[in-house]
Amino acid sequence: MSKYSVYGSDSFDEYIAAILADISLKFQQVIDCVNIHALILGGGYGRGEGGVLQTLEGEKLYNDMDFFVISKKLHPWEKKQIEHKLKDLHHELSEKYGVDIDFSDLKAIDTLPKAPFTLMWYDLKQGHKVIYGRENILRYLPDWKGNQIPLMEALKLLLNRAMGLYFAKEYLDTGKETCEYDFINRNIHKAYQALGEAILIAEGTYHWSNVERISRIHNTDVSKYTTNDKFKTRFHEAMAFKLQPQIKPETSDILYNRHQEAVSMFKDVYFEMWALFFCIDQIDYQVYLEELRNTHLGDNGLLSNLKNLALNLKDTRANGFEWTLFKSYPRLRLFYTLPWLIFGENMDIKELCQKLGLSHTEDTVLLQKRFVRLWQRYN
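Residues numbered from 1 in each chain as written. Predicted model: local features only at pLDDT ≥ 70, side-chain atom pairs only at ≥ 80, totals over all residues. Heavy atoms only, no water.

(A) Here's a closer look at the nonpolar core. Counting residues in hydrophobic clusters, the biggest one holds 90 residues, and the most contacted among them are Tyr-270, Trp-274, Tyr-288 and Phe-335. The element best represented in this core is helix H5 (residues 151-173), accounting for 13 residues. Those residues within four positions of Tyr-270 in sequence are excluded, and the remaining contacts are Leu-158, Tyr-288, Phe-335, Leu-338, Pro-339 and Phe-343. Ile-16, Ile-23, Leu-61 and Ile-82 belong to the second-largest nonpolar core, a separate cluster that totals 29 residues. (Core = buried A, V, L, I, M, F, W, Y, C linked by side-chain atoms within 4.5 Å. Buried < 20%, exposed > 50% of the residue type's maximum accessible area, 1.4 Å probe, protein only. Helix = DSSP H or I, 4+ residues; strand = E, 2+ residues; numbered from the N terminus. Contact = heavy atoms within 4.5 Å.)

Following this line, the structure appears as structure tokens:
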């Protein structure tokens, strides 16, 4: 196992190290680091499990590189200035290296001890590499346990990976699959990866390492989440792709059938996760909607409720106002309408428009675009 991947060679390590040295140098040239405590590589490469793409020219990057920036406590205008520079640096470096080089919003060091227990923070603490600044900076994060990750983190993960399936379907429906087969294939695999990770969160056996997750799914009874006996095979294929990705064209029929199979299994697991969240034994789409109507997402503090109210009012202009819904974080409205978008479930058009914050319309394309915009805002 190499420093940045499971299957990469020593030369691949050298290749990654050179890229990181260049990114660190550019970062220090562009950003006034007097206000920066650390630049941290997270994601697969930060955990030592990044993808290694074999090409005729040798081993190449495949996954995005995710960087987290830990700063001093700054005034909002100072923070905005730095984040603007990071956005420009993202575009420059992404074009240079052919993968997304992403920088997080600034995370002030004094907020680390109070950081929310999210999948992102847990994975980052457990596996990362500091490429600039203080090596032990993340010791300030709480000592979270993998068996205590909130179930809502699994549901948020599924929401985001469902959108990958949606965008893949757009390419399939518009006849662009021959040009975008890598995107479609990658997002099908990501969907299966997320399903397995969600199951491990629900079972209290999640682990930050991809390699360990493969082993744990193998030893998990997944029958209560999906009755499809191909699930474990698909999960193992997806994880193998994550570690050793391959880009190979497939016919439209094969891609379409693989996508349909993924959506079917995704639907099974998605609704079972919500049954666990609602603490009920059986669930269908109508029960799902009924339970969501009595669900609150976010803390119950007055300030939080008022912030959520303001966001929801801005999106909907008070159309279809419901206090229970509007005091929750707007992601709840995405959960309401996701089964319509991804699984083709029927939803009353008036309620659909209300949840998406649109005047009455039966234009499906307009409704889909609205969902995507809200997801980009609140994912």
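(B) Main features of helix H6 (residues 181-203). Spanning 23 residues, H6 covers 33 Å between terminal C-alpha atoms, matching the ideal 33 Å at 1.5 Å per step. Counting buried positions over the 23 residues of H6 gives 17, a clear majority of the element. Once H6 finishes, Gly-204 follows within two positions and takes phi at roughly 75°, a positive value. (Expected span 1.5 Å × (residues − 1).)

(C) Representation of the packing of helix H13 (residues 331-343) against helix H15 (residues 364-378) within the structure. For the pair H13 and H15, interaxial distance at closest approach is 10 Å and the crossing angle is 140°. Relative to H15, the element H13 lies oblique. For the pair H13 and H15, the crossing hand works out as left-handed. Judged by residue contacts, Arg-331, Arg-333, Leu-334, Thr-337, Leu-338, Trp-340 and Leu-341 of H13 engage Thr-364, Leu-367, Gln-368, Phe-371, Leu-374, Trp-375 and Tyr-378 from H15. Here the residues of the contact of H13 with H15 sort into nine nonpolar, three polar and two charged. (Axes fitted to C-alpha atoms, helices over the stretch in contact; angles between N-to-C directions. Parallel < 35°, antiparallel > 145°, perpendicular 65-115°, else oblique. Left-handed = near helix turned anticlockwise from the far one by under 90°. Nonpolar A, V, L, I, M, F, W, Y, C, P; charged D, E, K, R; others polar.)

(D) Quick look at the pattern of salt bridges. According to the stated counting rule, one finds 18 salt bridges in the structure shown. Here Glu-212 makes a salt bridge to Arg-216, at a shortest N to O gap of 2.9 Å. Placement of both Glu-212 and Arg-216 in helix H7 (residues 210-218) is noted, with a separation of four residues, approximately one turn of the helix. Classification of Glu-212 by relative accessible area gives partly exposed; the value is 28%. Its salt-bridge partner being Lys-267, residue Glu-345 comes within 3.1 Å of it at the nearest N-O pair. One end of the pair, Glu-345, is in the loop between H13 and helix H14 (349-356); the other, Lys-267, is in helix H9 (residues 252-278), with 78 residues separating them in the sequence. For Lys-267, a relative accessible area of 30% puts it in the partly exposed group. What you see here is one network of salt bridges that share partners, running through Lys-230, Arg-234, Glu-237 and Glu-261. (Salt bridge = Lys/Arg side-chain N within 4 Å of Asp/Glu carboxyl O.)

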